[in-house]
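These are the residues of each chain, in order.
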Amino acid sequence: KNNLDEVYKYLGDYYFDIKDYDNSLSSYKKSIEINANNSETLENLAFVFYKLRKFTLAEEYYLQSLKINSNSRDNSFRSFFSSFNIHLSMSWLLY
């Protein structure tokens, strides 16, 4: 079995951990090009887009991950996106 998508995912994780979000994004996207059904990588992309303040894209990738795996990660991730959704709904106040 070819695990090249996992290699790119782990590389994306590494870049995310050192706060190199541009390279993290690039690595996760390469992983998704190889395996579009990896819900964990889609969630990770959502995190990167959130960190880059691209909230619409963050929500899009998070929802894609839920379509693949509705038991996505854990409650802390769901809590994160609950607060994220509050941020989205109130973002009009900032502009």
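Our subject is the structure that appears above.
Summary of the structure given here.

Structurally, N38 is set in the loop between α2 (21-34) and α3 (39-51). The class of N38 is buried, set by a relative accessible area of 10%. Here E40 takes part through its backbone nitrogen, which lies 3.1 Å from a polar atom of the side chain of N38. Residues within four places of N38 in sequence aside, it is in contact with D5, E6, K9 and I32.

Once that is clear, we can look at the pattern of salt bridges. Applying the stated criterion to the full structure yields two salt bridges. For the salt bridge of D13 with K9, the shortest nitrogen-to-oxygen distance reads 2.7 Å. Of this pair, D13 and K9 both sit in helix α1 (residues 4-17), four residues apart, roughly one helical turn. The pair formed by D13 and K9 is uniform in burial state, with each residue classed as buried. Judged by its relative accessible area of 3%, K9 falls in the buried class.

Right, let's get into α1. Look at α1: 20 Å from first C-alpha to last across 14 residues, which is about the 20 Å you get at 1.5 Å a residue. Within α1 the residues assigned to the buried category are D5, K9, G12 and D13. Down the axis of α1, the smallest arc covering the buried residues is 105°, so these residues share one side. Away from its buried face by more than 90 degrees, α1 exposes V7 and Y10. Tucked inside the fold, the buried residues of α1 contact α2 and α3. Backbone geometry just downstream of α1 places K19 in the positive-phi region, at approximately 65°.

Definitions and limits used
Residues numbered from 1 in each chain as written. Predicted model: local features only at pLDDT ≥ 70, side-chain atom pairs only at ≥ 80, totals over all residues. Heavy atoms only, no water. Helix = DSSP H or I, 4+ residues; strand = E, 2+ residues; numbered from the N terminus. Buried < 20%, exposed > 50% of the residue type's maximum accessible area, 1.4 Å probe, protein only. Polar contact = N/O pair within 3.5 Å; in protein donor to acceptor, adjacent residues only side chain to side chain. Contact = heavy atoms within 4.5 Å. Salt bridge = Lys/Arg side-chain N within 4 Å of Asp/Glu carboxyl O. Expected span 1.5 Å × (residues − 1). Arc of directions from axis to C-beta.

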